[in-house]
Amino acid sequence: MGETARRAAVLGAPIAHSLSPVLHRAAYAAMGLEGWSYEAIECHEDGLAGLLDGLGPEWAGLSLTMPLKRVALDLVDAVSDQAVKVGGVNTIVLRDGRRHGDNTDVHGMVTALTEAGVTIGGPDGRALVLGGGATAASALAALAALGAAEAVLAVRTPERAAGTARVGERFGLAVRVVTLDQVTAELPAELVVSTLPGRAADAFAAPVAASGAALFDVVYAPWPTALAVAVEKAGGTVVGGFPMLLHQAVRQVALMTGRDDVPVAAMRAAGEAELARRARLA
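Remember, predicted model here, so these are calculated numbers, not experimental data.

Parameters at a glance
- Residues numbered from 1 in each chain as written.
- Predicted model: local features only at pLDDT ≥ 70, side-chain atom pairs only at ≥ 80, totals over all residues.
- Heavy atoms only, no water.
- Helix = DSSP H or I, 4+ residues; strand = E, 2+ residues; numbered from the N terminus.
- Buried < 20%, exposed > 50% of the residue type's maximum accessible area, 1.4 Å probe, protein only.
- Lys, Arg positive; Asp, Glu negative; His and termini not counted.
- Salt bridge = Lys/Arg side-chain N within 4 Å of Asp/Glu carboxyl O.
- Contact = heavy atoms within 4.5 Å.
- Phe/Tyr/Trp six-rings, centres within 6.5 Å; stacked < 30°, edge-to-face > 60°.
- Lys NZ or Arg CZ within 6 Å of the ring centre and 35° of its normal.
- UniProt positions renumbered as here; feature names shortened; annotations may be inferred.
- Polar contact = N/O pair within 3.5 Å; in protein donor to acceptor, adjacent residues only side chain to side chain.

K.L.:
Is there a simple way to think about the side chain of D217 in this case?
P.N.:
Note on placement: D217 falls in strand β11 (residues 214-217). The side chain of D217 is buried and forms no salt bridge, while R199, the nearest opposite charge, is found at 11 Å. Here D217 is in contact with S194, W223, T225, L227, V239, G240 and G241, once residues within four sequence places are set aside.

Right under this line is the structure:
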């Protein structure tokens, strides 16, 4: 039937390899939203305000990736409590001439870990987070939601992780910051979360695997990482970055369309097929 044309997009830099268009378009197709489109737009921090000002009424929403999540906080008309506490907006819903900022990264992480059966909690519930950037901040919020009592942030430069540590504290976590060369000393932990890019976590594969910890590695391509392979071989539970990306996109589709019948299975299948295609071409 004649569905009203609506537009959405993912913004960031670099953005060419974003998996978001594949996920959102699969959702639109399965939901019968024939008039909806979703694209990827290269956008840097200094260009976000102008881009937002130029959007017409046909726009339903935007997904934001790095480096736009923090600057977007100051460019929306309303913002969710969670986005404020995490310190970043990854979703802007455009409705009735207003910009509503939200954060679906935390939901994506919690759902990915929960569906994999990862639990963390109780007075001894402790997680070790590798990295101290925006993704680590969302990870701390997710850990708090799952019931963790304490988190250790292992970073290159502790001074630069102070803001991320405060995010965890806002969600009720006791947070300590150590340097990456202290990772082995901080094991065992119930869960190790790696927010480090690419091969940056390879050096920690052996000690993490030997510790018996579950692993959540936010990398989704190339996959599996050396860290994931080591933990899996040791019999540990491994959760990769794709389920997190999938479930944060599911929540975005629900927010932008106003519908709760978001087709998770269709989005998962489309994303996995695209990742397999890219792996063959690599």
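So much for the structure itself; the text now carries on.
K.L.:
Which parts of the structure should I look at to understand the packing of aromatic side chains?
P.N.:
Taken as a whole, this structure holds one aromatic pair when the rule is applied. Here the aromatic rings of Y28 and W36 are separated by 5.3 Å at their centres, their planes lie at 55°, and the arrangement is tilted. Take Y28 and W36: they sit in the same class, and that class is buried. Positioned above the aromatic ring of F171, the side-chain terminus of K85 is 4.3 Å from the ring centre.

K.L.:
Whenever I open this one, the UniProt feature "domain: Shikimate dehydrogenase substrate binding N-terminal" (unreviewed entry) in the chain confuses me. Can you help?
P.N.:
Using the residue numbers shown here, the UniProt feature "domain: Shikimate dehydrogenase substrate binding N-terminal" (unreviewed entry) corresponds to residues 10-92. As a span, residues 10-92 carries 33% helix and 24% strand, and end to end its C-alpha atoms are 10 Å apart.

K.L.:
Hey, could you run me through the UniProt feature "domain: SDH C-terminal" (unreviewed entry) in the chain in this one?
P.N.:
On the UniProt side, "domain: SDH C-terminal" (unreviewed entry) is annotated at positions that read residues 241-270 here. Each end of residues 241-270 is marked by a C-alpha atom, and these two atoms are 15 Å apart; helix forms 80% of the span and strand 0%.

K.L.:
Got a minute to help me understand the side chain of T257 in this structure?
P.N.:
One can find T257 in helix α9 (residues 241-257). We classify T257 as buried; its relative accessible area is 17%. Polar contacts involving the side chain of T257 include one to the main-chain carbonyl oxygen of V253, which spans 2.7 Å. Not counting chain neighbours up to four residues away, the residues in contact with T257 comprise Y28, M31, L33 and W36.

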